[in-house]
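Results of the structural survey
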Amino acid sequence: MMVDDKITEQLFVQEAPVPSDIAMVFGAVDEIVMGQRARRGAELYLAGYVPRLLLTGGCVPVRGYPESAWMAECVQKYGVPNSALLLEDRSSNTFENVMMSVRLLRERGFLNRIGTIALVSSEWHMRRVLLTAKKYFPGNVHFVCCPTCEGCNRENWLNSDASRRMVYTEADLLELFLKTGAL
């Protein structure tokens, strides 16, 4: 297990938003966390950083329907029109989120027009999101990490048992994926 400072440096990635072709918003098992991610995606859209949101997640039903559909309802309440949304609704984990999103973007004719993607997830999840995106998207695509800073973040993750457990689990997962070559 890594020491806490190294974990913070390894996992928590945050960059200033830049104009991007799309924001890819990752679903979550927890509704509160997913709501934070959806809100961050809506913020990027409403601030003019992205013209479209790609909402990911499908196999973890939230109130009876896919994560992506639940997040679509959230972002629409903030003022994001349905016409600005793409929903990837079949995935059940971060790897599938990315792989199925690449497929969806290719099928819809967007993939070859994307130069920059704003990645939206929780700050503690961003390193794995970034490495997974780099592995599966074409090499010419640039990524900018625009996490939500609500909830568990680099400043407060050591302050609660639940956040520490979540971050330590993420650190172990990342280490395993790197060691086995999955990332």
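Refer to the structure printed above.
Residues numbered from 1 in each chain as written. Predicted model: local features only at pLDDT ≥ 70, side-chain atom pairs only at ≥ 80, totals over all residues. Heavy atoms only, no water.

1. What about the pattern of salt bridges?
The following threshold applies: Only one rule defines a salt bridge in this text: a Lys or Arg side-chain nitrogen within 4 Å of an Asp or Glu carboxyl oxygen. Here a strand is any run of E in DSSP of at least two residues, a helix any run of H or I of at least four, and the numbering for each starts at the N terminus. Burial here depends on accessible area, computed with a 1.4 Å probe over protein chains only, as a share of the maximum for the residue type. Under 20% is buried, over 50% is exposed, and the range in between is partly exposed.
For the structure shown, the criterion picks out five salt bridges. When the shortest N-O distance is used, the salt bridge between Arg154 and Glu123 registers 3.4 Å. You can see Arg154 sitting in the loop between strand E5 (142-145) and helix H6 (161-180) and its partner Glu123 sitting in the loop between strand E4 (116-120) and helix H5 (126-136), a full 31 residues away along the chain. Under the relative-accessibility criterion, Glu123 is labelled buried at 2%.

2. Some remarks on the environment of Lys135
The cut-off we apply is this: It only takes one pair of heavy atoms within 4.5 Å for two residues to be counted as in contact. Any N or O atom pair separated by 3.5 Å or less is treated as a polar contact, with the protein-specific requirement of one donor-capable and one acceptor-capable atom, and with residues adjacent in sequence counted only for side-chain atom pairs.
Looking at where Lys135 falls in the secondary structure, it is placed in helix H5. Spatially, the C-alpha atoms of Lys135 and Val98 are 9.2 Å apart, while their sequence positions differ by 37 residues. In contact with Lys135, not counting residues within four places along its chain, are Gly181, Ala182 and Leu183. A polar contact is formed between the side chain of Lys135 and the backbone oxygen of Ala182, at a distance of 3.0 Å.

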